[in-house]
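# Inside the fold
So you can see what is in the structure, the chains are spelled out below.
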Amino acid sequence: MAERERRMSPPYGGVFVARTTVMSAGDIDRAIWRMAHEIIEHNHGLENLVVVGLQTGGVPISERITAALAEISGAEVPSGTIDVALHRDDIGLRPVMPEEATEIPGDLNQRIVVLVDDVLFTGRTIRAALDALHDFGRPKSVQLAVMVDRGHRELPIRPDYVGKNIPTRRDEVVNVTLTGVELGEMKK
Amino acid sequence: MTKHLLSIDDLGRDGIEEILELTKSFAEVSARRIPKVPALRGKNIAWLFYEDSTRTRLSFETAAKRLSADTMNFSVSSSSVNKGESLRDTCLTITAMGVDAIVVRHRSAGVPWQITKWVDASVINAGDGWHEHPTQALLDCFTIQQRFGSLEGRHVAIVGDIKHSRVARSNLAAFTALGAEVTLVAPQTLLPPSLEGWNCKVSHDLDAVLPTVDVAYMLRMQLERQKQALVPTLREYTAGYGLTEQRLDNLGSETMIMHPGPMNRGVEIAPSAADDPRAVITNQVANGVSVRMAVLFLLLGSGGDLGTLPEPESVQPDDGDAR
């Protein structure tokens with residue numbers, strides 16, 4: 001959740017308190033390389049592929065996956081970012097603000113788009129992202145890579161590439177950074 | 001952020017900066033191949049324009065459509081206002097049909113404030129008399145910020161009919177709130193009777209001011225008010241206060257030429273000045289749409305009004321992460 005939204009959502013001014021560490025920096029690194037290899041395997045190469053990170057949590061992971069793909073294949077891999085705030089289905093129910101840049105390289109007609117996010121939870125963010133992608137063309141296919149799948153889906157959406165499946169309670173919070181994945185709660 | 005946008009002073013520096021920051025996101029949306037997002041789907045916005053307007057109304061209309069809102073067009077000349085319906089009854093009637101926002105322009109100052117007392121909808125001031133035109137000031141700030149990064153320490157000259165100009169009042173408030181220095185340049189007859197409390201300098205010598213400014217903001221000469229003989233002739237006005245071709249050489253190479261439109265070419269601005277590379281008049285129009293998207297979204301869509309949020313228990317965390 002972006003900083004500004006967090007400030008404006010209950011519990012107001014809450015901070016994340018970690019309980020356990022579930023992935024180390026090394027685990028994240030290995031998961032990124034594995035997912036990069038899976039992307040290449042699944043698509044028989046990298047032709048027409050573009051990697052799009054979801055603002056804001058998915059972007060650092062998207063950048064790492066893009067770099068890994070480039071290193072494995074020895075060629076530039078086009079990449080971009082997308083902010084889905086304006087496509088959310090909970091606008092008006094809670095504070096929603098566009099925060100960061102949307103930058104899509106070229107149009108997406110006939111491209112294979114790999115969406116990258118940090119945590120897959122209800123699936124509503126991904127639904128909004130699928131909606132937002134439409135404005136940039138009609139991709140040949142859209143695939144989803146996430147560092148953590150924590151369950152509790154509310155929509156028929158599934159990931160194609162997963163760093164780690166972590167069973168969670170609904171009220172828990174999963175904190176993903178490039179230095180590790182922590183499980184904990186928001187506390188005031 | 002409050003529910004209404006009535007004046008620049010209500011926003012203060014923080015409010016202005018918040019809107020300008022949000023505008024960047026909507027400028028990006030406007031640049032897309034399909035510049036439309038579903039953010040305000042199902043919201044209904046009514047235009048209540050008691051005065052002529054092309055660009056402001058079309059700009060708001062475009063902004064609303066890019067956010068997928070529905071709009072109700074209300075043209076005073078072909079409505080029940082001609083049958084003698086009062087402003088209050090008109091407002092109650094259109095809100096009874098279910099509107100979330102009313103965008104109002106009226107020849108009398110203070111009308112938007114009055115309407116907020118009658119209706120539940122958000123009210124946006126699109127110009128009231130000689131008083132305020134806040135969205136114009138916001139789009140002008142955004143245009144200057146785009147060029148210079150910030151208004152802090154910049155010198156802006158607002159030139160022309162200050163007395164009858166709501167644009168001058170709103171822009172002065174917004175520019176100075178963001179740290180710019182403002183000089184009003186006009187003949188004495190086109191200045192308000194008193195400038196007490198106005199945070200600006202005043203000059204009657206355009207040629208002395210022009211070389212020192214970062215922005216030359218030319219106001220429209222309100223030809224419809226010339227019956228009052230506030231200037232001897234338009235030619236004399238142009239000679240003293242118009243941005244003529246000769247004065248163009250007097251401007252710095254980075255100076256921005258701005259005008260809120262509609263222009264009287266050859267009166268306050270020479271055709272060659274309006275088409276000069278330093279003129280950003282069409283940028284102002286383009287930015288107007290993005291700024292108005294930001295304003296509509298902030299008032300209607302962002303849920304930024306904390307009073308209306310659901311109780312903490314009923315809010316599902318939507319994302320897993322806690323950044």
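For the structure itself, consult the block above.
Residues numbered from 1 in each chain as written. Chains lettered and ligands numbered in written order. Predicted model: local features only at pLDDT ≥ 70, side-chain atom pairs only at ≥ 80, totals over all residues. Heavy atoms only, no water.

Another point: the overall build of chain B. If you tally the helices and strands in chain B, you get 11 helices and 9 strands. Taking 323 residues into account, the globule formula puts the C-alpha radius of gyration at 20 Å, and chain B, at 21 Å, falls close to it. If one aligns the C-alpha atoms of chain B with their principal axes, the spans along those axes are about 65 × 55 × 40 Å. Burial statistics for chain B: of 323 residues in total, 55% are counted as buried. Counting contacts in chain B only where the partners sit at least 6 residues apart, residues at least 24 apart contribute 74% of the total. (Helix = DSSP H or I, 4+ residues; strand = E, 2+ residues; numbered from the N terminus. Rg over C-alpha atoms; globule rule 2.2 N^0.38 Å. Buried < 20%, exposed > 50% of the residue type's maximum accessible area, 1.4 Å probe, protein only. Contact = heavy atoms within 4.5 Å.)

Residue and element names in this part refer to chain B. Those residues of helix α8 (residues 234-241) that sit buried are Tyr 237, Thr 238 and Tyr 241. Angular distribution of buried residues about the axis of α8 spans 100°; they occupy a single face of the element. Facing away from the buried surface of α8 by more than 90 degrees, the exposed residues are Arg 235 and Ala 239. Residues of α8 that are buried make contact with β5 (155-159), β6 (181-185), α7 (206-209), β8 (215-218) and α9 (245-248). (Arc of directions from axis to C-beta.)

Bringing unusual backbone geometry into the picture now. Residues A:Gln55 and A:Thr56 are joined by a peptide bond in cis, for which omega reads -5°. In the Ramachandran plot, A:Gln110 falls in the positive-phi region, its phi being about 65° despite a non-glycine side chain. On the secondary structure map, A:Gln110 appears in the loop between β3 (79-82) and β4 (112-120). A relative accessible area of 47% places A:Gln110 in the partly exposed class. Positioned with a positive phi, B:Ser68 is a non-glycine residue whose angle comes to about 65°. On the secondary structure map, B:Ser68 appears in the loop between α2 (55-66) and β2 (70-72). Note on B:Ser68: relative accessible area 16%, which makes it buried.

Here the focus is the sheet that holds strand β9 (residues 256-258) of chain B. Residues and elements named next belong to chain B. As summarised here, the arrangement of the 5 strands in space is β7-β6-β5-β8-β9, forming an open sheet in which the pairing is parallel. At either end of the open sheet lies a strand with only one pairing partner, and these are β7 (201-203) and β9. Ignoring strand direction, the axes of neighbouring strands in this sheet form an average angle of 20°. Bridge analysis of β6 against β7 gives 3 bridges, and the strand direction is parallel. Bridge pairing in β7 links Leu 184 to Val 202. (Pairing = 2+ DSSP bridges. Axes fitted to C-alpha atoms, helices over the stretch in contact; angles between N-to-C directions.)

Residue and element names in this part refer to chain B. At a closest axis distance of 10 Å, the pairing of helix α3 (residues 87-96) and helix α4 (residues 111-118) adopts a crossing angle of 55°. Classed by the angle they form, the pair α3 and α4 counts as oblique. In the packing of α3 onto α4, the handedness of the crossing is right-handed. Across the interface between the two elements, Leu 87, Arg 88, Cys 91 and Leu 92 from α3 touch Val 111, Ile 115 and Trp 118 from α4. Grouping the constituent residues of the contact of α3 with α4 by class yields 6 nonpolar, no polar and 1 charged. (Parallel < 35°, antiparallel > 145°, perpendicular 65-115°, else oblique. Left-handed = near helix turned anticlockwise from the far one by under 90°. Nonpolar A, V, L, I, M, F, W, Y, C, P; charged D, E, K, R; others polar.)

As a further point, take the pairing of strand β2 (residues 49-54) of chain A. Residues and elements named next belong to chain A. Burial runs high along β2: 6 of the 6 residues are buried. Of the two faces of β2, the one holding Leu 49, Val 51 and Gly 53 and the one holding Val 50, Val 52 and Leu 54 are both buried throughout. As judged from the 5 bridges shared by β2 and β4, these two strands associate in the parallel manner. Across the sheet, the residue bridging to Val 50 is Val 113, located in β4. Handedness of the crossover is the feature at issue here: the chain leaves β2, passes through helix α3 (residues 58-73), returns alongside β3, and the resulting connection is right-handed. (Right-handed = clockwise from strand over helix to strand, strands pointing away.)

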